[in-house]
Amino acid sequence: MPKLSDPALIVGFDTADDACVYQISEDMAIIQTADFFPPMVDDPYLFGRIAAANALSDVYAMGGVPKLALNLLCVNPCLGDEVVKEILRGGADQAIKAGCIITGGHTIEDNVPKYGLSVTGFVHPGKVRKNVGAKPGDVLILTKPIGSGILLTALKAEFIEPRDCEFMFESMAALNQEAGAAMEGLSVHACTDITGFGLLGHLYEMAAGSEVTISVFADKLPLYPLAEEMARTGLVPAGAYRNFDYIKSFVKIMPDVEQVLIDIASDAQTSGGLCISLPEEEADILLKRLEDAGEKGYIIGKAKGEEDKKIELMNIQKHK
Ligand code: CO
Ligand code: CO
């Protein structure tokens, strides 16, 4: 894309960040982002909730709060009004929880239905959380488990049933609102949400843009129930391999890390958690805040001085 530079644009697209940030006054910047995708679940209400949570997430990843949103909707007329209503109700319910007003939107006909939001959020210009800026000595905290792409593939292949995925569905539909709020006042150096590039892909962007190397603790990764079993069965979507291919020359894998963990760490996530890089001495405060809010936080890695490879995948229990 041709570039138009503007001094008020605090975050553009050059570091593959979650959203752009544009300063409008000394103490106010707006965050702008859009996300939409086809259904990954049969229940239209659940789909609406997941799509909205996913779109709102980029605002939380930037350290902001979502305020206004527009529905982006593609419908196949065969779907019927009831299904469309349920999708929009799901989206509206999550937006209301977020304190974000849906003020309208746009609908077109399309064979494959799609739904999402264009979201505008607010943030103080001094409190913007970028996906770069991680420093050596930081720990990385992830706020949702991974493996959703693998489980959705297994579900489609009927190796598992929807009720096996209930925990994951609720997690995907959950807002990253509390995780965003938990960063308040802490020296967070970098933050992003884990979505289509998979954990390793997003951490690669973080490491490369921060000029650090990130050690990922393969044996400490929080996985959705059954994700490992399904990956072992070979139900790994092609996207996970594409994600890994793209970054593999920047990744060092310790010999004792199993292939399934590489696959899961590369698996594209739908509406994943935030991954937050902050000084080790503040990790406990963040974990405590997440726990108090009824959320989870998992230490999944550590940043160190830049080495030849940007990402190092290791088993920490043996390497300590
Ligand atoms: Co994002
Ligand atoms: Co996004």
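Scroll up to find the structure this text is about.
The rules behind the values
Residues numbered from 1 in each chain as written. Chains lettered and ligands numbered in written order. Predicted model: local features only at pLDDT ≥ 70, side-chain atom pairs only at ≥ 80, totals over all residues. Heavy atoms only, no water. Helix = DSSP H or I, 4+ residues; strand = E, 2+ residues; numbered from the N terminus. Rg over C-alpha atoms; globule rule 2.2 N^0.38 Å. Buried < 20%, exposed > 50% of the residue type's maximum accessible area, 1.4 Å probe, protein only. Donors = N, O, S within 2.8 Å, 3.2 Å for Na, K, Ca; no water. Polar contact = N/O pair within 3.5 Å; in protein donor to acceptor, adjacent residues only side chain to side chain. Salt bridge = Lys/Arg side-chain N within 4 Å of Asp/Glu carboxyl O. Core = buried A, V, L, I, M, F, W, Y, C linked by side-chain atoms within 4.5 Å. Contact = heavy atoms within 4.5 Å. Pairing = 2+ DSSP bridges. Axes fitted to C-alpha atoms, helices over the stretch in contact; angles between N-to-C directions. Patch = residues over 30% accessible without salt bridge, like charges linked within 9 Å, V, L, I, M, F, W, Y side chains within 5 Å. Areas by Shrake-Rupley, 256 points an atom, 1.4 Å probe, with all protein chains shown as cover. Parallel < 35°, antiparallel > 145°, perpendicular 65-115°, else oblique. Left-handed = near helix turned anticlockwise from the far one by under 90°. Nonpolar A, V, L, I, M, F, W, Y, C, P; charged D, E, K, R; others polar.

**Q** I keep staring at the overall build of the chain and nothing clicks. Help me out?
**A** Check the secondary structure of the chain and you find 11 helices and 13 strands. In terms of overall dimensions, the chain is globule-like: its C-alpha atoms have a radius of gyration of 19 Å, near the 20 Å expected for 320 residues. Overall size of the chain, expressed as C-alpha extent along the three principal axes, is 55 × 55 × 45 Å. Counting all 320 residues of the chain, 52% fall into the buried class.

**Q** I keep staring at the coordination of the cobalt ion (ligand 2) and nothing clicks. Help me out?
**A** Ideal values differ by geometry: the angle at a metal is 109.5 degrees with four tetrahedral donors, but 90 or 180 degrees with six octahedral donors. Coordination of the cobalt ion (ligand 2) by the protein involves D35 (OD) and D58 (OD), with metal-donor separations of 2.1 to 2.3 Å. A separation of 3.7 Å is found between the cobalt ion (ligand 2) and the cobalt ion (ligand 1), which are bridged by D58. Of this pair, D35 sits in strand 3 (residues 28-37) while D58 sits in helix 1 (residues 44-61), and the two are 23 residues apart along the sequence. Residue D35 is classed as partly exposed on the basis of its relative accessible area, which comes to 23%. When its relative accessible area of 7% is taken as the criterion, D58 is described as buried.

**Q** Any chance you could explain the coordination of the cobalt ion (ligand 1) here in plain terms?
**A** Donor atoms from the polypeptide that coordinate the cobalt ion (ligand 1) comprise D18 (OD), D58 (OD) and D193 (OD), at 2.0 to 2.1 Å from the metal. Spacing between the donor residues of the cobalt ion (ligand 1) along their common chain follows D-x39-D-x134-D.

**Q** Would you mind going over the side chain of S148 with me for this structure?
**A** Note that S148 resides in helix 3 (residues 148-156). In this structure S148 comes out as buried when scored by relative accessible area, which is 0%. A distance of 3.4 Å separates a polar side-chain atom of S148 from the backbone nitrogen of T270.

**Q** Explain the pattern of salt bridges here, please?
**A** Two side chains carrying opposite charge are able to pair once their charged atoms lie near each other. Summed over all chains, the structure comprises 15 salt bridges. One salt bridge connects K127 with E184, and the closest N-O pair in it is separated by 3.1 Å. With a gap of 57 residues between them, K127 in the loop between strand 6 (114-123) and strand 7 (138-142) and E184 in the loop between helix 5 (177-182) and strand 8 (190-193) connect regions that are remote in the sequence. The exposure class of K127 is partly exposed, given its relative accessible area of 41%. Judged by its relative accessible area of 45%, E184 is partly exposed.

**Q** Would you mind showing me how to read the nonpolar core here?
**A** Nonpolar side chains in soluble globular proteins generally cluster together in the buried interior. Grouped together as the largest cluster of nonpolar side chains are 86 residues, with contacts concentrated most on F169, L199, L203, I214, V216 and I311. With 10 residues, helix 1 is the single largest residue contributor to this core. Setting aside residues no more than four positions away along its own chain, L203 makes contact with L140, I214, V216, C275, I300 and I311. Core analysis: the second largest hydrophobic core is formed by 15 residues, I141, I276, A283 and L286 among them.

**Q** Could you clarify how one ought to interpret the sheet that holds strand 6 in this entry?
**A** Pairing between the strands of a sheet comes from backbone hydrogen bonds, and it takes one of two forms, parallel or antiparallel. With mixed pairing, six strands are arranged side by side in an open sheet as 1-2-3-6-4-5. Every other strand in the sheet has two partners, leaving strand 1 (9-11) and strand 5 (101-109) as the edge strands with one partner each. Looking at each pair of strands side by side, their axes are set apart by 25° on average, direction ignored. Here five bridges tie strand 2 (residues 20-25) to strand 3, and the two strands are oriented antiparallel to one another. Residue Q23 lies in a different strand from strand 3, and its bridge partner there is A29.

**Q** Mind showing me how you'd approach the environment of E211 here?
**A** As for its position among the elements, E211 is in the loop between helix 6 (198-210) and strand 9 (212-217). For E211, a relative accessible area of 56% gives the class exposed. Residues E211 and G201, 10 residues apart in the sequence, show an inter-C-alpha distance of 15 Å.

**Q** What is the right way to look at a nonpolar patch on the surface in this model?
**A** A grouping of L9, Y22 and I24 is seen on the molecular surface, where their side chains present a nonpolar patch of about 250 Å² in accessible area. Looking at where I24 falls in the secondary structure, it is placed in strand 2.

**Q** What should I look at first to understand unusual backbone geometry in this one?
**A** In this structure, A16 is a non-glycine residue whose phi angle is positive, near 50°. Counting through the fold element by element, A16 comes out in the loop between strand 1 and strand 2. For A16, a relative accessible area of 35% puts it in the partly exposed group. For S271, which is not a glycine, the phi torsion comes out positive at approximately 55°. One can find S271 in the loop between helix 9 (259-266) and strand 11 (274-279).

**Q** Hey, could you run me through the packing of helix 6 against helix 8 (residues 238-247) in this one?
**A** Geometry of a packed helix pair, given as the angle between the helix axes and the separation of the axes. Here helix 6 crosses helix 8 at 30°, and the two axes come no closer than 9 Å. When the interaxial angle is binned, helix 6 and helix 8 end up roughly parallel. As helix 6 packs across helix 8, the resulting crossing turns out to be left-handed. Of the residues in helix 8, those touching helix 6 at G198, L200, G201 and Y204 are N243, F244 and I247. Class assignment for the residues of the contact of helix 6 with helix 8 results in four nonpolar, three polar and no charged.

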